[in-house]
Amino acid sequence: MKTLKNLNSIAIFIPLFLILFGLINPLGYYLAAYSTVITGLLQVTIALIALYKNKKNIYIIIYLSLVVLFFLLWYYNENINYNDSLTWPLLFTPLFLCIYLSIIIYTQKETK
C-alpha cells in the first residue's frame with residue numbers, strides 16, 4: 001500500500017508542478033492539462049491494483065463504478081444527446097474522483 005501511496009502522490013504532483021511552471025512559461029499550463037490525463041490513467045491503475053489486493057474493498061469498487069459512470073455519461077453527452085447542463089458537472093468530475101481515490105488510498109490500513 002505504501003507503493004500505491006507514493007505512486008498516487010507522484011501522479012498528483014506532476015500537474016501541480018506543471019501549473020507552477022506555467023507561471024514562468026505558458027507552455028506549463030498546456031502540459032499540466034495534458035498531464036491530468038496521465039494522472040487519471042495512473043489513478044485508475046492504482047485502483048485496479050488496490051482492488052486486486054483487496055477484492056472486498058467497497059470504496060475502490062465505488063470509485064471504479066464512478067469512473068465507468070463518468071465515461072458513459074461523457075460518451076452519451078458527446079455522441080448521443082448533447083446537454084450543456086451535463087457538460088459542466090462532467091468537467092469537474094475527474095477532480096472529485098482524484099480526491100476521492102486519494103482519500104481512500106491515504107486512509108486505508110495495510111492489509112496482509
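In the block above lies the structure referred to throughout.
So, here's what we can say about the structure.

Reading the values: rules and limits
Residues numbered from 1 in each chain as written. Predicted model: local features only at pLDDT ≥ 70, side-chain atom pairs only at ≥ 80, totals over all residues. Heavy atoms only, no water. Helix = DSSP H or I, 4+ residues; strand = E, 2+ residues; numbered from the N terminus. Expected span 1.5 Å × (residues − 1). Buried < 20%, exposed > 50% of the residue type's maximum accessible area, 1.4 Å probe, protein only. Contact = heavy atoms within 4.5 Å. Polar contact = N/O pair within 3.5 Å; in protein donor to acceptor, adjacent residues only side chain to side chain. Phe/Tyr/Trp six-rings, centres within 6.5 Å; stacked < 30°, edge-to-face > 60°.

**Examining helix H3 (residues 58-80)**
The terminal C-alpha atoms of H3, which comprises 23 residues, lie 31 Å apart, in line with the 33 Å expected from a rise of 1.5 Å per residue. Along H3, the residues classified as buried are Ile 60, Tyr 63, Leu 64, Val 67, Phe 70 and Asn 77. Check the buried side of H3 and you find it contacts helix H2 (27-53) and helix H4 (84-107). Its side-chain oxygen 3.1 Å from the backbone nitrogen of Tyr 59, Asn 57 forms the N-cap of H3.

**Some words on the environment of Tyr 30**
Residue position: Tyr 30 is located in helix H2. Judged by its relative accessible area of 56%, Tyr 30 falls in the exposed class. Between the C-alpha atoms of Tyr 30 and Ile 19, which are 11 residues apart in sequence, the distance is 8.6 Å.

**Observations concerning the packing of aromatic side chains**
Counted according to the given criterion, the structure contains 3 aromatic pairs. Look at Phe 71 and Trp 74: their rings are 5.7 Å apart centre to centre, the planes differ by 35°, and that puts the pair in the tilted class. Within this pair, Phe 71 and its partner Trp 74 are both found in helix H3, separated by 3 residues, close to a single helical turn. Among the residues examined, Phe 71 registers a relative accessible area of 43% and is labelled partly exposed. Judged by relative accessible area, which is 43%, Trp 74 ranks as partly exposed. Here a set of aromatic residues connected by ring pairs shows up, and it is made of Phe 70, Phe 71 and Trp 74.

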